[in-house]
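Report on the structure
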Amino acid sequence: MSQATATSHGDTPMIEMKGLNKWYGDFHVLRDIDLTVKRGERIVVCGPSGSGKSTLIRCINHLESHQQGEIVVNGVAMTQDVKRIEQIRRNVGMVFQHFNLFPHLSVLENCCLSQIWVQKKPRAEVEKTAMEYLERVQIADQAYKYPGQLSGGQQQRVAIARALCMRPEVMLFDEPTSALDPEMIKEVLDVMVELAREGMTMLCVTHEMGFAKTVADRVIFMDQGQIIEEAPPETFFNNPRSERTKLFLSQILGH
Amino acid sequence: MAGESMRDEMIEARRPPNAHRGVLKWLQRNLFNGPINSVVSVVTLGVLVWALWPFVQWALIQADWLGDSRQACSGEGACWVFISARFESIIYGFYPEAARWRVDIVFALMAGLLAWLAIPKVPGKRWAAIIAVIGFPIAAYVLLLGGHFGLMHVSTRNWGGLMLTLTVATIGIVGSLPIGIVLALGRRSKMPLVRAVSVVFIEFWRGVPLITVLFMASVMLPLFVPTEVEFDKLLRALVGIMLFWSAYMAEVVRGGLQAIPGGQEEAGKALGLNYWQRMGLIVLPQALKLVIPGIVNTFIALFKDTSLVLIIGLFDLLAIIRAGLTDSDWLGFATEGYVFAALVFWVFCFSMSRYSQYIEKRLQTGHTN
């Protein structure tokens, strides 16, 4: 009943969530989430802190497990089975707020790891791919340095390259610019905009509303574990329907 | 008055002021940089000389070095002839003289392998590791124990001295680290049964004195197993020592595992790595690096505690020297014997300590977790 390999038909959605519910103990953190992400779609998720937006995208590659509802990623239904989870993760790239680069490995080795151990490709090919992606995020000249020797913006660009090296079908961004110094935010956003232009399916949790206006097909606003509003950016920013959304927008855009 | 200001030209980087170098400068800056400090320095040096001088005189200046019998000892200082006359037995124990070349080969192999593994510039580390893990133990087993390829069988009852100390320490160290790592991972496992087994194992072995373990291994174990099955006494002691120290090692490693941020494992998961890959490639390399001081601390404690095997009748370095003290030709040289034993132990332990510091520096990659 399950597909052994991921299907890449144009009509199957990239991500499908139905009736998703999650609790941390007694705390109901995700409530009846229904969300479908089409191939090539770029979605920005925003909302106040504690609204469950990070938890939502972390459920997609099972960094968090949900208690009710179903998630189908690239045609593969999520279960508790480790093999199934690893299969899904191979198609899902993720970028974290705190980069989470491996500090004991060089930048290049960070990018080679999953190709060597998960995709089992030969070393020469792996390094070539890694250098290509490092080139694309404009950090190839730092390939032999260790993450600890790079600035925050550089580290985050490496993290993006590392995720891209898996050649994922979809990229998840969990507040990728929140831990950066202001002057480094742009270099990371530029890379993300570029990626969006190339047609990558993206799901970004971010407070960068400029980014949302530029690339998002849809903006999703979450509060108290539920999706409050879902609209294209023009509508979302100019004519928000919900009071909560208006309040949120006035707070982050009003200065 | 506060006003506006602006810089037209950027300041070029300049070299720092010359550091004061040289021994005299160092002495002046560190020991004699003021009247109080100078007095403290002089008094400290005085006390040191006063305390150590008699020992230096005894151990070096008035000592007797040459000769082969008790007649060579003048009695004014230490008589190292006691050591040199018994040197062979201190190294080989009761190992038959005709077969001692086999022990020499094992020593040489071990030294060579250690150098190959420990010196970063020597290439072929992968081969060195494979030989050290598979080839060397087999070679050492065949050579030391004999009984194959026309080599005379030498029972472990005849092993002794430094050779026995090194055998016990090496096997203890090499065995306890991997078992400790597995136990540490087990104790953090999400599977309740695995976790429970690890906790019980660790807490049991950590809670009994090593002497008890050795006694149990040598005296009690034979009572429980059928008489036809006869385990070698040394083997039993080795298993006991390995399990005992692996419990300590597990807790040291667990300390390191806990210090690695959860984001590291999450990043590994997101890349599709499975549990063993995440542990082996991401978490353990960082965790082990972090706890090198603790690991080496345990190694050193293990090395020194090998001398406890004397209570179950195995003659390690210390026990051999003690046995020499009861030799009627050589009564009254206990101090020399113990000082020499201490020196040998110290040399090995200090080497481990220095090497670990060097490795720690080498593994520094410019981050702080």
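Residues numbered from 1 in each chain as written. Chains lettered and ligands numbered in written order. Predicted model: local features only at pLDDT ≥ 70, side-chain atom pairs only at ≥ 80, totals over all residues. Heavy atoms only, no water.

An unreviewed UniProt entry annotates chain B as Amino acid ABC transporter permease originating from Chromohalobacter sarecensis. Under the Sequence similarities (unreviewed entry) heading, UniProt states for chain B: "Belongs to the binding-protein-dependent transport system permease family. HisMQ subfamily." (UniProt positions renumbered as here; feature names shortened; annotations may be inferred.)

Some remarks on the overall build of chain B
Helix and strand content of chain B: 15 helices and one strand. In terms of overall dimensions, chain B is more spread out than a globule: its C-alpha atoms have a radius of gyration of 27 Å, far above the 21 Å expected for 369 residues. For the C-alpha atoms alone, the extent of chain B along its principal axes is close to 95 × 65 × 40 Å. Going through the 369 residues of chain B one by one, you find that 39% of them count as buried. Of the contacts made within chain B by residues no fewer than 6 positions apart, 66% connect residues no fewer than 24 positions apart. Accessible area for chain B stands at about 22,000 Å²; split by element, carbon and sulfur atoms hold 67% of it. In chain B, the 30 positive side-chain charges and the 23 negative ones have mean positions that sit 8 Å from each other. (Helix = DSSP H or I, 4+ residues; strand = E, 2+ residues; numbered from the N terminus. Rg over C-alpha atoms; globule rule 2.2 N^0.38 Å. Buried < 20%, exposed > 50% of the residue type's maximum accessible area, 1.4 Å probe, protein only. Contact = heavy atoms within 4.5 Å. Areas by Shrake-Rupley, 256 points an atom, 1.4 Å probe, with all protein chains shown as cover. Lys, Arg positive; Asp, Glu negative; His and termini not counted. Charge placed at Lys NZ, Arg CZ, Asp CG, Glu CD.)

Comments concerning the side chain of A:N110
Residues and elements named next belong to chain A. On the secondary structure map, N110 appears in helix α3 (residues 107-117). Judged by relative accessible area, which is 1%, N110 ranks as buried. Engagement of the side chain of N110 in a polar contact is seen with the backbone nitrogen of F102, the distance being 2.8 Å. For N110, the contacting residues outside a window of four places in its chain are L101, F102, L105, P147 and R162. (Polar contact = N/O pair within 3.5 Å; in protein donor to acceptor, adjacent residues only side chain to side chain.)

Notes on the sheet that holds strand β8 (residues 201-205) of chain A
Remark on secondary structure: sheet strands pair via backbone hydrogen bonds, oriented parallel or antiparallel. Residues and elements named next belong to chain A. The strand order β6-β7-β8-β3-β9-β10 describes an open sheet built from six strands, whose pairing is mixed. Where the open sheet ends on each side, the last strands, each with one partner, are β6 (92-95) and β10 (226-231). Going across the sheet, the axis of each strand differs from the next one's by a mean of 20°, ignoring polarity. With four bridges connecting them, β6 and strand β7 (residues 170-174) associate as parallel partners. Bridge assignment links V95 to a residue of β7, and that residue is F173. (Pairing = 2+ DSSP bridges. Axes fitted to C-alpha atoms, helices over the stretch in contact; angles between N-to-C directions.)

Things to note about the interface of chain A and chain B
Contact residues are listed per partner, giving 23 residues for chain A and 22 residues for chain B. Joining chain A to chain B, the criterion identifies one salt bridge. As a salt-bridge pair, B:E266 and A:R58 come within 2.6 Å of each other at their nearest N and O atoms. Viewed at the interface, chain B and chain A are joined by six residue pairs in polar contact (both at pLDDT 80 or more). (Salt bridge = Lys/Arg side-chain N within 4 Å of Asp/Glu carboxyl O.)

Some details on the state of the cysteines
Considering all chains together, one arrives at one disulfide over all chains under this definition. For B:C73, the disulfide goes to B:C79, at an S-S distance of 1.8 Å. Between B:C73 and B:C79, the S-S torsion sits near -65°, and that sign places the bridge as left-handed. For the residue pair B:C73 and B:C79, the accessibility class agrees, reading buried in each case. For the unlinked cysteine A:C46, the closest cysteine sulfur is that of A:C204, found at 11 Å. Taking relative accessible area as the criterion, A:C46 reaches 0% and is therefore assigned buried. (Disulfide = S-S within 2.5 Å.)

What to know about the UniProt feature "transmembrane region" (unreviewed entry) in chain B
Residues and elements named next belong to chain B. With numbering aligned to this structure, UniProt lists the feature "transmembrane region" (unreviewed entry) at residues 36-56, 101-120, 127-149, 161-186, 207-225, 279-300, 307-325 and 337-355. The straight-line gap between the two end C-alpha atoms of residues 127-149 is 25 Å; of that span, 83% is helix and 0% is strand. Within the segment residues 307-325, helix and strand shares are 47% and 11% respectively, and the terminal C-alpha atoms sit 16 Å apart.

Examining the layout of surface pockets
In this structure, the second largest pocket encloses a volume near 870 Å³. Along the wall of the second largest pocket there are 28 residues; nearest its centre are B:K190, B:E265, B:K269, B:Y275 and B:R278. Those elements that place two or more of their residues in the lining of the second largest pocket are α2 (82-89) of chain A together with α7 (161-187), α10 (233-259), α11 (262-270) and α12 (275-290) of chain B. Across the lining of the second largest pocket, the residue classes break down as 13 nonpolar, seven polar and eight charged. (1 Å grid on protein atoms, 1.4 Å probe; cavity = no way out; pocket = protein on both sides within 12 Å on 5 of 7 lines; lining within 4 Å. Points joined across faces, edges and corners; volume = space filled by probe spheres on them. Nonpolar A, V, L, I, M, F, W, Y, C, P; charged D, E, K, R; others polar.)

Brief notes about empty space enclosed by the protein
Residues and elements named next belong to chain A. Scanning all chains against the criterion turns up two cavities of 30 Å³ or more. The computed volume of the largest cavity comes to approximately 60 Å³. The greatest single-element share of the lining of the largest cavity, amounting to three residues, is contributed by helix α6 (residues 182-197). When the residues that make up the lining of the largest cavity are grouped by side-chain class, the tally is four nonpolar, no polar and three charged.

Thoughts on the pattern of salt bridges
Residues and elements named next belong to chain B. Tallied over the full model, the rule gives 26 salt bridges over all chains. Its salt-bridge partner being E265, residue R278 comes within 2.9 Å of it at the nearest N-O pair. Separated by 13 residues along the polypeptide, R278 in helix α12 and E265 in helix α11 bring together distant segments of the chain.

Some points on the confidence of the model for chain A
All names here are of chain A. With 95% of its residues at a pLDDT of 70 or more, chain A shows a mean pLDDT of 92. Element-level mean pLDDT values for chain A span from 90 in helix α9 (residues 243-253) up to 97 in β7. Long-range and interchain partners of residues 1-7, a stretch whose pLDDT sits below 50, account for 13 contacts in this model, where long-range means more than four residues apart. (pLDDT = per-residue confidence, 0-100.)

Some details on the packing of α7(B) against helix α13 (residues 292-305) of chain B
All names here are of chain B. Across the interface, α7 lies against α13 with an axial gap of 9 Å and an inter-helix angle of 145°. Crossing angle aside, the handedness with which α7 passes α13 is right-handed. Counted together, T165, L166, A169, G172, I173, S176 and L177 of α7 and I295, F299, L302 and F303 of α13 form the full contact between these two elements. Tallied by class, residues from the contact of α7 with α13 come to eight nonpolar, three polar and no charged. (Left-handed = near helix turned anticlockwise from the far one by under 90°.)

Quick look at the packing of aromatic side chains
Residue and element names in this part refer to chain B. Evaluated as defined, the whole model comprises 19 aromatic pairs over all chains. On the basis of an interplanar angle of 80° and a centroid distance of 5.5 Å, the ring pair of F94 and F315 is categorised as edge-to-face. One end of the pair, F94, is in the loop between α4 (87-92) and α5 (100-118); the other, F315, is in strand β1 (residues 315-316), and 221 residues separate them in sequence. Classification of F94 as partly exposed rests on a relative accessible area of 42%. Under the relative-accessibility criterion, F315 is labelled partly exposed at 31%. Their ring planes at 45° and their centres at 5.3 Å tell us that F244 and Y248 sit as a pair that is tilted. (Phe/Tyr/Trp six-rings, centres within 6.5 Å; stacked < 30°, edge-to-face > 60°.)

Some thoughts on the nonpolar core
A:M17, B:Y95 and B:W159 are the most contacted members of the largest nonpolar core, which has 126 residues in total. Ranked by residues supplied to this core, first place goes to α10(B) with twelve residues. Contacts of B:W159, omitting those with residues within four sequence positions, involve B:Y95, B:L144, B:L145, B:V154, B:L164, B:T167, B:L234 and B:F315. Judged by nonpolar contacts, the second largest core, of 52 residues, contains A:C112, A:I139, A:M192 and A:M202. (Core = buried A, V, L, I, M, F, W, Y, C linked by side-chain atoms within 4.5 Å.)

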